Amino acid sequence: MSAHTDQVVVTGLGATTPLGGDAASTWDGMLAGRSGISAIEEEWAAGMPVRIAGRLAVDPAGVLDRVQARRMDRCEQIALVAAREAWAHAGAPDVEPERLAVVIGTGTGGAATLLAQDDILEASGVRRVSPHTVPMLMANGPAAWVSIDLGALGGAHTPVSACASGAEAIAQGLDLIRLGRADVVVAGGAEACVHPLPLAGFSQAKAHSTRNDEPELASRPFDTDRDGFIIGEGAAVVVLERAEFAAARSARVHAALAGAGVTSDAHHITAAHPAGQVRAMRLALATAGLAPEAIEHIHAHATSTQLGDLVEAESITEAIGVHPAVTATKSMTGHLFGAAGALGAMAAILAVRDGVIPATRNLDTLDPRVKLDIVTGEPRRAAPAAALANAFGFGGHNASLVFTAP
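What counts as what
- Residues numbered from 1 in each chain as written.
- Predicted model: local features only at pLDDT ≥ 70, side-chain atom pairs only at ≥ 80, totals over all residues.
- Heavy atoms only, no water.
- Helix = DSSP H or I, 4+ residues; strand = E, 2+ residues; numbered from the N terminus.
- Rg over C-alpha atoms; globule rule 2.2 N^0.38 Å.
- Contact = heavy atoms within 4.5 Å.
- Lys, Arg positive; Asp, Glu negative; His and termini not counted.
- Charge placed at Lys NZ, Arg CZ, Asp CG, Glu CD.
- Pairing = 2+ DSSP bridges.
- Axes fitted to C-alpha atoms, helices over the stretch in contact; angles between N-to-C directions.
- 1 Å grid on protein atoms, 1.4 Å probe; cavity = no way out; pocket = protein on both sides within 12 Å on 5 of 7 lines; lining within 4 Å.
- Points joined across faces, edges and corners; volume = space filled by probe spheres on them.
- Buried < 20%, exposed > 50% of the residue type's maximum accessible area, 1.4 Å probe, protein only.
- Arc of directions from axis to C-beta.
- Core = buried A, V, L, I, M, F, W, Y, C linked by side-chain atoms within 4.5 Å.
- Salt bridge = Lys/Arg side-chain N within 4 Å of Asp/Glu carboxyl O.
- Expected span 1.5 Å × (residues − 1).
- Parallel < 35°, antiparallel > 145°, perpendicular 65-115°, else oblique.
- Nonpolar A, V, L, I, M, F, W, Y, C, P; charged D, E, K, R; others polar.

**Structural notes on the overall build of the protein**
Inference 1: Across its full length, the protein carries 13 helices and 15 strands.
Inference 2: For the protein, the C-alpha radius of gyration of 20 Å lies close to 22 Å, the compact-globule estimate for 406 residues.
Inference 3: Taking the contacts inside the protein whose residues are at least 6 apart along the sequence as the reference set, 79% of them involve residues at least 24 apart.
Inference 4: Here the protein carries 29 positive and 43 negative side-chain charges, and the mean point of each set is 1 Å from the other.

**Describing the sheet that holds strand S12 (residues 373-374)**
Backbone hydrogen bonds hold the strands of a sheet together, and the pairing may be parallel or antiparallel.
Inference 1: Read from one edge to the other, the open sheet built from 11 strands follows the order S5-S4-S6-S7-S1-S8-S15-S14-S9-S10-S12, with strand pairing classed as mixed. In the strand order of this sheet, the two ends are held by strand S5 (156-157) and S12, each with one partner.
Inference 2: Inspection of the sheet shows strand S9 (residues 297-299) paired to strand S10 (residues 325-327) by three bridges, in the parallel sense. Its bridge partner lying in S10, Ile 298 is registered against Val 326.
Inference 3: Relative to strand S1 (residues 8-16), helix H3 (residues 74-89) is tilted by about 135°, and along the sheet it contacts S1, strand S4 (100-105), strand S6 (184-191) and strand S7 (234-242).

**Section: empty space enclosed by the protein**
Inference 1: Here the structure, examined in full by the defined rule, presents one cavity of 30 Å³ or more.
Inference 2: Surrounding the largest cavity, His 299, Thr 329, Lys 330, Thr 333, Gly 334, His 335, Leu 336, Ala 340, Leu 343 and Gly 344 form its lining.
Inference 3: Of all the elements, helix H13 (residues 340-354) adds the most residues to the lining of the largest cavity, at three residues.

**Digging into helix H8 (residues 196-204)**
Inference 1: Turning to H8, its buried residues number three or more, namely Pro 198, Leu 199, Phe 202 and Ser 203. Summarising the axial view, the buried residues of H8 lie within an arc of 135°, below the 170-degree limit, and thus occupy one face. Facing away from the buried surface of H8 by more than 90 degrees, the exposed residues are Leu 197 and Gln 204.
Inference 2: Here the buried face of H8 lies against strand S3 (52-54).
Inference 3: Immediately beyond the C-terminal end of H8, within one or two residues, lies Lys 206, with a positive phi of roughly 60°.

**Remarks on the environment of Ala 347**
Inference 1: With respect to the element layout, Ala 347 can be found in helix H13.
Inference 2: The exposure class assigned to Ala 347 is buried, which follows from its relative accessible area of 2%.
Inference 3: A C-alpha to C-alpha distance of 7.4 Å links Ala 347 and His 299, two positions 48 residues apart in sequence.
Inference 4: Look past the residues within four positions of Ala 347 in its chain and what remains in contact with it is Trp 27, Met 30 and His 299.

**Observations regarding the nonpolar core**
Inference 1: Within the largest apolar cluster, 52 residues are counted, with the highest numbers of intra-cluster contacts made by Leu 13, Ile 170, Val 185, Leu 240, Leu 257, Leu 401 and Phe 403.
Inference 2: No other element matches the 11 residues that H13 contributes to this core.
Inference 3: Counting 30 residues, the second largest nonpolar core, distinct from the first, contains Ala 69, Ala 90, Val 95 and Val 239.

**A short note on the pattern of salt bridges**
Inference 1: The full count for this structure, using the stated rule, is 20 salt bridges.
Inference 2: The closest approach of N and O atoms between Arg 99 and Asp 183, which form a salt bridge, is 3.1 Å. With Arg 99 in the loop between H3 and S4 and Asp 183 in the loop between helix H7 (165-178) and S6, this residue pair connects regions lying 84 residues apart in the sequence.
Inference 3: For Arg 99, a relative accessible area of 25% gives the class partly exposed.
Inference 4: For Asp 183, a relative accessible area of 8% gives the class buried.

**Overview of the pairing of S7**
Inference 1: A large share of S7 lies buried, amounting to eight of its nine residues.
Inference 2: In this structure, S1 lies alongside S7, joined through eight bridges in antiparallel fashion. Of the residues in S7, the one forming a bridge with Ala 15 is Ala 236.
Inference 3: Where S6 and S7 come together, eight bridges link them in antiparallel fashion. The partner of Val 185 across the bridge, within S7, is Leu 240.

**Considerations on helix H11 (residues 306-319)**
For the α-helix, the turn length of 3.6 residues means that residues three or four positions removed from each other point alike.
Inference 1: For H11, which comprises 14 residues, the first-to-last C-alpha distance of 21 Å matches the rise-based estimate of 20 Å (1.5 Å per residue) to within 8%.
Inference 2: For H11, the complete set of buried residues consists of Asp 309, Leu 310, Val 311, Glu 312, Ala 313, Ser 315, Ile 316 and Ala 319.
Inference 3: Turning to H11, the residues buried within the fold contact helix H10 (274-288), S9 and strand S14 (386-393).
Inference 4: Two residues or fewer past H11, Gly 321 is found with a positive phi of approximately 120°.

**A word on the packing of helix H1 (residues 23-32) against H13**
Relative orientation and spacing of two packed helices are given, respectively, by the angle between their axes and the distance between those axes.
Inference 1: Running from N to C, H1 and H13 point in directions that differ by 75°, and their axes come no closer than 11 Å. Classified by the angle their axes make, H1 and H13 are roughly perpendicular. Contacts from Ala 23, Thr 26, Trp 27 and Met 30 of H1 reach H13 at Leu 343, Met 346, Ala 347, Leu 350, Ala 351 and Asp 354.
Inference 2: A class-by-class count of the residues in the contact of H1 with H13 yields eight nonpolar, one polar and one charged.

**Observations concerning unusual backbone geometry**
Inference 1: Non-glycine residue Lys 206 carries a positive phi angle of around 60°.
Inference 2: Mapped onto the fold, Lys 206 is located in the loop between H8 and S7.
Inference 3: Not every positive phi belongs to a glycine, and Asn 362 is a case in point at roughly 65°.
Inference 4: Relative to the elements of secondary structure, Asn 362 occurs in the loop between strand S11 (356-357) and S12.
Inference 5: For Asn 362, a relative accessible area of 10% puts it in the buried group.

**Details of the pairing of strand S15 (residues 397-404)**
Inference 1: Of all eight residues in S15, seven are buried; the element is thus mostly enclosed.
Inference 2: Of the pairings in the sheet, the one linking strand S8 (residues 255-264) to S15 comprises eight bridges and is antiparallel in character. Note that in S15 the partner of Leu 257 across the bridge is Phe 403.
Inference 3: As defined by bridge partners, S14 adjoins S15 across eight bridges and the pair is classed as antiparallel. Paired with Ala 391 across the two strands is Ala 399, which belongs to S15.
Inference 4: Where S14 folds back on S15, the antiparallel hairpin that results is connected by three residues, among which Gly 395 adopts a positive phi of roughly 100°.

Read these as spatial facts, not as claims about activity.
Here it is, written out as structure tokens:
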């Protein structure tokens, strides 16, 4: 497969995460090696086996119109906050509404609303259930709200692919532009489900870290002492444009989205298979027209589970090699599930743009089975001409994105 000739570029970035309420403060937090993991203060956490999470640094309800915010699930709120920032950062492109599309992925969507309204139904009856329940819980809600806010008529799409959702959204944005269906696509992911049920489920599955007494040290990608991921909440959104369209309006370009690979394992509902990850990375390289040697930086999915980190390390070694500088920022933010791939993409874009790679936090002793060049300690000054970002999810979903210097 050869590289596609229609170049797609990134002109806008937006985010709200455990490290900051916008893309700039989130990036600053990554470079500073700060942790956004903290104790859950709500009363319901007191009896839980897991009592830590990556909570948002800024409450989205305080940023949005009060009436509008009350009619939206938290996942929808943060998608809108991040999208508005990305749109403004891109200079609010003057594009025909029919040529503007939205793709916002999520893993659970409005699950928090669903669970809360079910509690109300059981305790108080049908008359107490909010009339806004359905539009608040539906997974396509974040994409719908963003499309309404921007007046996008080119489609509002919602990949629901667990932890690969945000990266798949960006890959779908690339396809929409290259297929000639849009000039501009607002793409990313959002997740906000720090709730007793998912915490209990992941705890029972032995997937979540139980370092409740030292939350800042809990997420430890590639470390020999890692014991699971930390659930986080947040959103990250990028504005993608056809390169000719961006050039015509003299837009600032942060990086080019050169290629994407999306595959499935067809193997196991939760256990990753290295073959699917390898194929995703190789497909991303092929569509970008790059050899493995061209990739100088990788933003790893690296959730901090014993098996997952090892499988990814082996897959990277096979598909790309051991030469790229690798980082894992979930060590700072926790695992944002449906938003994780979009946030990882943003970190890769900024590494290419700014010539600096964040260090992986809490990596004290590298697992000897991992042969990769993991950035630790301080950020590494580098100017990667090409970077790859991985995102993998339950169900065997694999997505890899390649970004290059413009």
